Amino acid sequence: MSENFVLSISRQYGCGGRELAGILAKKLGVKLYDRQIVHIAAAKLGINDLSEEELLEMEKEVKPLSMNFIPFHSFGTHMGESSRGMFMSESAAIRKLVADGSCVILGRCADYVLRDYPHHFALFVCADDAFREARGKTVYDGKSLKELDAENAKRARYYNYYTGRTWGDGRNYDLVVNTSKEPLEKIADAIVSYIKTVRA
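Treat the numbers as computed from the prediction; the structure is a model and nothing was measured.

## Quick word on the packing of helix α4 (residues 83-100) against helix α7 (residues 145-163)
Here's step 1: Interhelical geometry of α4 versus α7 gives an angle of 75° and a closest axis separation of 12 Å. Regarding the angle of α4 to α7, the classification is roughly perpendicular. Across the interface between the two elements, S83, R84, F87 and E90 of α4 pack against Y158, Y161 and Y162 of α7.
Here's step 2: Of the residues contributing to the contact of α4 with α7, the split by class is 4 nonpolar, 1 polar and 2 charged.

## Structural notes on the pairing of strand β1 (residues 6-11)
Consecutive side chains along a regular strand alternate between the two faces of the sheet.
Here's step 1: In terms of burial, β1 is a largely internal element, 6 of the 6 residues being buried.
Here's step 2: Where burial is concerned, the two faces of β1 agree: the one with V6, S8 and S10 and the one with L7, I9 and R11 are both buried.
Here's step 3: When β1 meets strand β3 (residues 103-106), the two strands line up parallel, connected through 4 bridges. Bridge assignment links V6 to a residue of β3, and that residue is C103.
Here's step 4: Examined bridge by bridge, β1 and strand β4 (residues 120-126) share 6 bridges and lie parallel to one another. Residue pairing across strands places R11 opposite V125, the latter belonging to β4.

## Observations concerning the environment of G101
Here's step 1: Mapped onto the secondary structure, G101 falls in the loop between α4 and β3.
Here's step 2: Counting along the chain gives 96 residues from G101 to F5, while the straight-line C-alpha distance between them is 7.4 Å.

## A word on helix α6 (residues 129-138)
Here's step 1: Within α6, the full set of buried residues consists of R132, R135 and G136. In a view along the axis of α6, the buried residues occupy a sector of 110°, so they form one face of it. Exposed and oriented more than 90 degrees from the buried face of α6 are A130, K137 and T138.
Here's step 2: Check the buried side of α6 and you find it contacts α1 (17-28) and α7.

## As for the packing of aromatic side chains
Here's step 1: By the definition in use, this model includes 8 aromatic pairs.
Here's step 2: The interplanar angle of 65° and the centroid separation of 5.0 Å between the aromatic rings of Y13 and Y140 together place this pair among those described as edge-to-face. Linking Y13 in the loop between β1 and α1 with Y140 in the loop between α6 and α7, this pair joins segments that are 127 residues apart in sequence.
Here's step 3: On the numbers, 6.2 Å between centres and 75° between planes, the contact of F87 with Y158 is edge-to-face. Here the residue F87 occupies a position in helix α4, and Y158 occupies one in helix α7, the gap between them amounting to 71 residues.
Here's step 4: Among the aromatic residues, those joined into a ring-pair cluster are F87, Y158, Y161 and Y162.
Here's step 5: The ring of Y112 has R115 sitting right over it, with the charged end atom 4.0 Å from the ring centre.

Scoring rules and cut-offs
- Residues numbered from 1 in each chain as written.
- Predicted model: local features only at pLDDT ≥ 70, side-chain atom pairs only at ≥ 80, totals over all residues.
- Heavy atoms only, no water.
- Axes fitted to C-alpha atoms, helices over the stretch in contact; angles between N-to-C directions.
- Helix = DSSP H or I, 4+ residues; strand = E, 2+ residues; numbered from the N terminus.
- Parallel < 35°, antiparallel > 145°, perpendicular 65-115°, else oblique.
- Contact = heavy atoms within 4.5 Å.
- Nonpolar A, V, L, I, M, F, W, Y, C, P; charged D, E, K, R; others polar.
- Buried < 20%, exposed > 50% of the residue type's maximum accessible area, 1.4 Å probe, protein only.
- Pairing = 2+ DSSP bridges.
- Arc of directions from axis to C-beta.
- Phe/Tyr/Trp six-rings, centres within 6.5 Å; stacked < 30°, edge-to-face > 60°.
- Lys NZ or Arg CZ within 6 Å of the ring centre and 35° of its normal.

See below:
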């Protein structure tokens, strides 16, 4: 694989995507970035005094998509401390991290931000409702499937607004995997093998 290879991972809430990202980063021998990007973006905006909860809340405050939607790369550069400014700053942070070396990036619309990057592989992770519901009870502090789906709706809304694409649409990714049927380690091995085969 390329010296500066990046794997972006988008995932349904409750499917084990975060754990899978950690396993993949370890198997590939690269760093994993997720919420660190939010902090980097906040620093670039000069809002270091906000808590992580406040930073994450910023990205949830997204206005509904209108007919006048403009892709993020066309926005102005003076956006202050808005969620739009946070997105722009996160995007810049993602590009900088990728330039610094191979990595796995979880979420943050990285598949879109890096869509033209030559050594980028985009993965979407999903799972059956029954599997997610069971994990909601055991792994996610007793969350119901309805609560998991509500989080997915937030992710979709954020992604769709900033990218103009549909979150979870297989056409946006190089590979879509369902974690319901096999152990995450086995799935990770298959993904690594697949990436090495198609990117060789």
